[in-house]
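# Breakdown of the fold
Residue strings, one per chain:
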Amino acid sequence: MDLSLSLLAGVVPVFLLAGFTKGVTGLGLPTVGMGLLSLFMAPAQAATLVILPSLLTNFWQMTGRALPGLLRRLWPMLLATVLGCWSGRGLLTGGSAWIGQGTLGIVLVAYALFGLSPLRLPSVPPRWEAWLGPLAGFCTGLLTAATGVFVLPAVPYLQALSLERLALMQALGLSFTTSTLALAAVLADGGALDGAGAAGSALALLPALLGMLLGQWLQGRLRPAVFRRVFFGGLLLLGAHLLLRGLLG
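Residues numbered from 1 in each chain as written. Predicted model: local features only at pLDDT ≥ 70, side-chain atom pairs only at ≥ 80, totals over all residues. Heavy atoms only, no water.

This brings us to the overall build of the chain. The helix and strand tally for the chain stands at eleven helices and zero strands. Overall, the chain shows an N-to-C arrangement of helices and strands of α-α-α-α-α-α-α-α-α-α-α. A compact globule built from 249 residues should have a C-alpha radius of gyration of about 18 Å, and the chain, at 17 Å, falls within 12% of that. By its C-alpha atoms, the chain is 50 × 40 × 35 Å across when sized along the principal axes. Counting the 249 residues in the chain, one finds 51% classified as buried. Taking contacts inside the chain between residues at least 6 apart in sequence as the whole, the part at least 24 apart equals 85%. For the chain, the accessible area works out to roughly 11300 Å², and carbon and sulfur atoms hold 72% of it. Taking the 13 positively charged and 5 negatively charged side chains of the chain as two groups, their mean positions are separated by 17 Å. (Helix = DSSP H or I, 4+ residues; strand = E, 2+ residues; numbered from the N terminus. Rg over C-alpha atoms; globule rule 2.2 N^0.38 Å. Buried < 20%, exposed > 50% of the residue type's maximum accessible area, 1.4 Å probe, protein only. Contact = heavy atoms within 4.5 Å. Areas by Shrake-Rupley, 256 points an atom, 1.4 Å probe, with all protein chains shown as cover. Lys, Arg positive; Asp, Glu negative; His and termini not counted. Charge placed at Lys NZ, Arg CZ, Asp CG, Glu CD.)

As a packed pair, helix α4 (residues 67–87) and helix α8 (residues 165–189) sit with axes 10 Å apart at the nearest point and diverge in direction by 30 degrees. Judged by the inter-axis angle, α4 sits roughly parallel to α8. Relative to α8, the crossing made by α4 is right-handed. Of the residues in α8, those in contact with L67, L70, L71, L74, M77, L78, T81, V82, C85 and W86 of α4 are A167, Q170, A171, L174, S175, T178, S179, A182, L183, A185, V186 and D189. By residue class, the composition of the contact of α4 with α8 is 16 nonpolar, five polar and one charged. (Axes fitted to C-alpha atoms, helices over the stretch in contact; angles between N-to-C directions. Parallel < 35°, antiparallel > 145°, perpendicular 65-115°, else oblique. Left-handed = near helix turned anticlockwise from the far one by under 90°. Nonpolar A, V, L, I, M, F, W, Y, C, P; charged D, E, K, R; others polar.)

As a further point, take the pattern of salt bridges. Counted according to the given criterion, the structure contains one salt bridge. In this structure, R73 engages E129 in a salt bridge whose closest nitrogen and oxygen atoms are separated by 2.7 Å. In this pair, R73 sits in helix α4 while E129 sits in helix α6 (residues 129–147), placing the two residues 56 residues apart along the sequence. Among the residues examined, E129 registers a relative accessible area of 13% and is labelled buried. (Salt bridge = Lys/Arg side-chain N within 4 Å of Asp/Glu carboxyl O.)

On to the packing of aromatic side chains, then. Enumeration according to the criterion identifies six aromatic pairs in this entry. With a centroid separation of 5.3 Å and 75 degrees between ring planes, the pair formed by Y111 and F232 is classed as edge-to-face. Of the two residues, Y111 is situated in helix α5 (residues 99–116) and F232 in helix α11 (residues 224–248); the sequence distance between them amounts to 121 residues. Residue Y111 shares its accessibility class with F232, and that shared class is buried. Both rings, one in F150 and one in F176, keep their centres 5.7 Å apart while their planes meet at 45 degrees; by these two values the pair is tilted. In this pair, F150 is assigned in the loop between α6 and α7 (154–159) and F176 in helix α8, connecting sequence segments 26 residues apart. By the burial criterion, F150 is buried, and F176 matches it. Taken together through their ring pairs, the aromatic side chains of F20, Y111, F227, F231 and F232 make up a single cluster. (Phe/Tyr/Trp six-rings, centres within 6.5 Å; stacked < 30°, edge-to-face > 60°.)

Scanning all chains against the criterion turns up zero disulfides. In this structure C85 is not part of a disulfide, and its nearest cysteine sulfur, from C139, lies 13 Å away. Residue classification places C85 among the buried residues on the basis of a relative accessible area of 1%. Residue class for C139 comes out partly exposed when judged on its relative accessible area of 31%. (Disulfide = S-S within 2.5 Å.)

Look at α4 against α6: their axes get within 6 Å of each other, and the N-to-C directions meet at 30 degrees. Note that α4 runs across α6; the crossing there is right-handed. Packed against α4, whose contacting residues are R73, P76, M77, A80, T81, L83, G84, C85 and S87, the element α6 presents E129, G133, P134, G137, F138, G141, L142, T144 and A145 at the interface. Class assignment for the residues of the contact of α4 with α6 results in nine nonpolar, seven polar and two charged.

Looking now at the UniProt feature "transmembrane region" (unreviewed entry) in the chain. In the numbering used here, UniProt assigns the feature "transmembrane region" (unreviewed entry) to residues 36–62, 98–119, 131–155, 167–188, 195–218 and 230–248. A distance of 32 Å separates the end C-alpha atoms of residues 167–188, which is 100% helix and 0% strand. The distance separating the terminal C-alpha atoms of residues 195–218 is 35 Å; by composition the span is 96% helix and 0% strand. (UniProt positions renumbered as here; feature names shortened; annotations may be inferred.)

Let us look at the nonpolar core. Nonpolar side chains tend to gather and get buried jointly when the protein is soluble and globular. In this structure, F15, L37, L74, Y111, L158 and L235 are the most contacted members of the largest nonpolar core, which totals 62 residues. Excluding anything up to four places from it in sequence, L37 contacts V11, V14, F15, A46, L49 and V50. (Core = buried A, V, L, I, M, F, W, Y, C linked by side-chain atoms within 4.5 Å.)

Take a look at the structure:
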């Protein structure tokens, strides 16, 4: 990956915005990062840059008192996420890499429509978690391998577990950390995560952390409903653009 000054000029504001979104909502760094970076680079390159900022911020998010209980409860889903991601290796880096941009557009559009709608999944009965968790995890891993984004269906599934807010935030961080590590392994296996890519990802850490700190500081000063509409509305337009470009390109 050639990190020219012009490329860095585009990458820095992307990660500032992605980190800001993460700070306000607790999620969205890889989603915003992948969506915007894919406007001017290949999805595999974008995914490589997202690895370290996503890993560090999500590891930070997942730590807390609820972590041991969440690990005992969610390990089948997390294991299935890794298996799903490994099953989809090559979708970003191999001969099928052209599929990535259109699929990313579809994922962003679907996630935005879900976020803008009043619909929410019903609570998952505890007896269903044994099979529904691994199914959600495997599908999340497969989409992660294809797009570099790991929000669907993991986020709606975790929201349907009726966790307390802090536990939910930790569960999201745990799921995202697992997906990030699995994605890093897939990118390394495909040759995309090389020394230059790792260096670029490290450079993206600073703007991502600055954006996250700013988002956390402004969290209580923003109207959540307004930010939610702007966030998902922007994702909808971005996803539609990527989808059309993938279909026409």
